[in-house]
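Understanding the architecture of this molecule
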Amino acid sequence: MDWVALLKSQQEDFIHRLKSEHFLSHRFKGVFGESFVVNKNKAIPLIQSSEKLAEKLQETLDNHDNQLTENIFKNKLIKYCVNLSFGDLLVEVNPEQHFLDDFLILALKDNHNFRIIVKLVIADSANIADFADIKWFFTPEEVKSNQIVLCVFSGEDLTLNKSQYKIIFAGFLPTYTLNISKKQNRFTFSFSHLLYMGGLKFYLTSYLDQKYDYLKQASLHNNHGDYLSAIYCYDQVLKNNSIDYKVYLLRAIAKWKIGSQQGALADLNQAIIIYPKYDLAYHWRGYIKYKIQSYQEAIFDYTEEIKINPLSIYAYYRRALCYEKTNSLLKAFEDYSQVLILNNNLYQGFYNRGNIRYELGDKEGALEDYRKALQLNPSLAKAYYNLAIIYNDLGEINQAIYNYKSAINLVPNYVKAYYNLAIIYVDLGKYRQAIIHYDKACELDNEFIQAKYNKQFLLEYLRQEKQNKYNLEYNQNSEGKSKFKKPEQFTPEITSDLLPEKGHSEDEKNRIVNNDVVKVLKENNFDKMSMDPWNTKPR
């Protein structure tokens, strides 16, 4: 016999005992009871707090004072009884929003996304011919927005002047067992539709255990790169709680890992619908929009994230990258500057702002930012490379040579640095050293056509000069320099791509940068550097 059948059987026995009022009365806090009797002494604090709250609300609400007070009192009384049996597991959610409603909303203390809607029906027990006539009504939206419906019954009016108050737990029902159709206007439940209330604590604790077990399994699958199995685990959690926005985020990340961009976006959209202030969902959606080159949409998401969390370094950083892609360099500069206000130890921020300054023509400012980046990360070869280019532009050739060599010492296969050094040596008339560096560039990149061409051109020039058979066209300009056209050097390295590297977790460890990983991607102008602490790269 499964647990549903068992609780159905117990509910039938409970219904038989209703007419004779043979109930399991509540006696001890934390122990289940079918019925509760709240005497006047215990009710007085509830009544007094209800009256005070009603007085505060009276100015803004049109309800008669007694009606408002009684409505508040009923909800407080139900909450009091629920706390006696389930106070270790449940907590009320947004009580200020339900003063005038005929229900209250509870949630698991360990998961506020798991919600329970509680409704009370009052009927005169003496005049009830058949308890099957008692009905509880719920709207489709109430069912859809909660994981459990919980029905409460009282056989007498709950006015403020009673000597005691009797409350009966009629039963509960998980909403995932219900079919919600578009044509359905309401759900109607009687005692026989419900599960026995004594099984609620078992259901809640088993749900928590099962959820944490699935999340633990998903974490293990993620660590081993088995994202399909992780997605299966997240599916199981969402079956029981379709509004757990954090799980939608986790599943979106796993879907992104297997290359399902649209699936990931759909889950992120759902997370934001459920919780519009979920900054991490905006961040990840912005990241995916950035990757598919929807830069304006990415900018929107990062802007929303910043509204929610103005201290989000990564939101400013990634929005700056998007501004660069849309050639909004001044806005990119402002965002990188904000990054450095929030964290002046982030070498990527200085490096990228240096790139922006270079593009805006502020070479001295770029030099300053690259030097600061190197102070924080002396192994940043690209910063040395970019310094060399600027020094060469400024005519400080020795500094340029020093910085190119520093870049090569850190990255021995730095093709661009060898190539640009060769150009400098040609300009200085140090042809043999130029040939050595062209050779090295060609050795590292066998398809480097320009380096091969430059080398052959220089060798031909030297051969002709040595043999003195003929000279290259050599005309003196006004400054006495040759019009021999030298090759163009490579331009500075491209912006650092700061991205998230470990998976998100329930304790929000995703906000911590765990790794700094420098990655070089061949481009015609700059190289990219990525820090990926949230492991966003697809498999």
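The shown structure was predicted, so the numbers you read here are calculated from the model rather than taken from an experiment.

**Overview of the packing of aromatic side chains**
In this structure the tally under the stated criterion is 24 aromatic pairs. When the ring of Trp136 is compared with that of Phe191, the centres are 5.1 Å apart and the planes differ by 80°; the resulting orientation is edge-to-face. Here the residue Trp136 occupies a position in strand β5 (residues 136–138), and Phe191 occupies one in the loop between β8 (187–189) and α5 (200–223), the gap between them amounting to 55 residues. Phe191 shares its class with Trp136; the two are buried. Pairing Trp284 with Tyr287 gives two aromatic rings, centres 5.8 Å apart and planes at 80°, and the pair type is edge-to-face. Of this pair, Trp284 and Tyr287 both sit in helix α9 (residues 279–291), three residues apart, which is roughly one turn of that helix. By the burial criterion, Trp284 is buried, and Tyr287 matches it.

**As for the environment of Gln450**
Within the secondary structure, Gln450 sits in helix α19 (residues 449–467). Considering only alpha carbons, one finds Gln450 and Tyr419, 31 residues apart in sequence, at a separation of 9.3 Å.

**Description of the pairing of strand β7 (residues 164–174)**
The side chains of a regular strand alternate between both faces of the sheet. Most of β7 is tucked away: nine of the 11 residues are buried. Summarising the sheet, strand β1 (residues 35–39) and β7 pair through five bridges and their orientation is antiparallel. Note on β7: the bridge partner recorded for Val38 is Tyr165. One ladder, built from six bridges, connects strand β6 (residues 148–154) with β7; its direction is antiparallel. Bridge pairing in β7 links Phe153 to Ile168.

**Considering the pattern of salt bridges**
Enumeration over the complete set of coordinates arrives at 20 salt bridges. The shortest N-O distance in the salt bridge between Asp267 and Lys255 comes to 3.2 Å. With Asp267 in helix α8 (residues 261–274) and Lys255 in helix α7 (residues 245–257), this pair connects stretches of sequence that are 12 residues apart. For the pair Asp267 and Lys255, a shared accessibility class is recorded, and that class is buried. The partner of Asp369 in a salt bridge is Arg353, with the nearest N and O atoms 2.9 Å apart. Pair noted here: Asp369 is in helix α14 (residues 363–376) and Arg353 is in helix α13 (residues 347–359), with a separation of 16 residues, a long-range link. In this pair, the class of Asp369 matches that of Arg353, namely buried.

**Brief notes about the packing of α7 against α8**
Put simply, α7 and α8 touch, their axes get as near as 8 Å, and they point 165° apart. It follows from the interaxial angle that α7 and α8 lie roughly antiparallel. Crossing geometry of α7 relative to α8 is assigned as left-handed. Residue-level inspection shows Tyr245, Tyr248, Leu249, Arg251, Ala252, Lys255 and Trp256 of α7 in contact with α8, the latter providing Gln261, Gly263, Ala264, Asp267, Leu268, Gln270, Ala271 and Ile274. Class assignment for the residues of the contact of α7 with α8 results in nine nonpolar, three polar and three charged.

**Considering helix α1 (residues 3–18)**
For an α-helix, 3.6 residues make a turn, and residues three or four places apart therefore share a direction. A rise of 1.5 Å per residue sets the reference length of α1, with its 16 residues, at 22 Å; its end C-alpha atoms lie 22 Å apart and thus fit the reference within 8%. Every buried residue of α1 is listed here: Leu7, Gln11, Phe14, Arg17 and Leu18. Buried residues of α1, seen end-on, are gathered within an arc of 115° and therefore sit on one face of the element. Set apart from the buried face of α1 by more than 90 degrees, the exposed residues are Glu12 and His16.

**Considerations on the nonpolar core**
Leu90, Ile116, Trp136, Phe138, Phe169, Phe191 and Leu204 are the most contacted members of the largest nonpolar core, which has 65 residues in total. Other than its neighbours up to four places away in sequence, Phe191 contacts Gln11, Phe14, Ile15, Leu18, Phe131, Ile134, Trp136, Phe153 and Ala170. The next biggest cluster of nonpolar side chains, apart from the first, holds 51 residues, and it includes Ala230, Leu265, Ile272 and Tyr302.

**Looking at α5**
The end-to-end C-alpha distance of α5 is 35 Å, a good match for the 34 Å that 24 residues give at a rise of 1.5 Å each. Positive phi appears at Gly225, one or two residues downstream of α5, with a value of about 75°.

**Section: the packing of helix α15 (residues 381–393) against helix α17 (residues 415–428)**
Running from amino to carboxyl end, α15 crosses α17 at an angle of 20°, the nearest separation of the two axes being 11 Å. Taken together, α15 and α17 sit at an angle that is classed as roughly parallel. α15 and α17 meet at a crossing whose hand is left-handed. Along its contact with α15, which presents Tyr385, Ile389 and Asn392, the element α17 presents Lys416, Ala417, Asn420 and Ile424. When grouped by side-chain class, the residues that make up the contact of α15 with α17 number four nonpolar, two polar and one charged.

How each quantity is defined
- Numbers given for residues are sequential positions, taken from 1 along each chain in its written order.
- Since the coordinates come from a predicted model, pLDDT governs what is reported: local features require at least 70, and pairs of side-chain atoms require 80 or more to be given and counted, while whole-chain, interface and lining totals use all residues.
- Side-chain measures here rest on the full set of heavy atoms in the structure, leaving out hydrogens and waters.
- Pairing of aromatic side chains requires ring centres within 6.5 Å, counting the rings of Phe and Tyr and the six-membered ring of Trp. Pairs whose planes differ by under 30 degrees are stacked, by over 60 edge-to-face, and all others tilted.
- Elements are defined by DSSP. Helices are runs of H or I of four residues or more, strands are runs of E of two residues or more, and each kind is numbered from the N terminus.
- For every residue, the accessible area (1.4 Å probe, protein chains only) is compared with the maximum for its type, and the residue is labelled buried under 20%, exposed over 50%, or partly exposed between those bounds.
- DSSP bridges decide pairing: two strands pair if at least two such bridges lie between them.
- The term salt bridge refers to a side-chain nitrogen of Lys or Arg lying within 4 Å of a carboxyl oxygen of Asp or Glu.
- Lines fitted to C-alpha atoms define the axes here, with helix axes fitted over just the stretch in contact, and angles between the N-to-C directions of these axes take values from 0 to 180 degrees.
- Each angle gets one of four labels, with under 35 degrees taken as roughly parallel, over 145 as roughly antiparallel, 65 to 115 as roughly perpendicular, and the rest as oblique.
- Rotating anticlockwise by less than a right angle from the far helix to the near helix defines a left-handed crossing, while the corresponding clockwise rotation defines a right-handed one.
- Contact between two residues is taken to exist if any of their heavy atoms lie within 4.5 Å; hydrogens are not considered.
- Each residue is assigned to one of three groups, with Ala, Val, Leu, Ile, Met, Phe, Trp, Tyr, Cys and Pro labelled nonpolar, Asp, Glu, Lys and Arg labelled charged, and all others, Gly among them, labelled polar.
- Between the first and last residue of a helix there are one fewer steps than residues, each counted as 1.5 Å, and that sum is the expected span.
- Read the arc as the range of directions from the helix axis to the C-beta atoms.
- Here, nonpolar core means buried Ala, Val, Leu, Ile, Met, Phe, Trp, Tyr and Cys residues that are tied together by side-chain atoms lying within 4.5 Å of each other.

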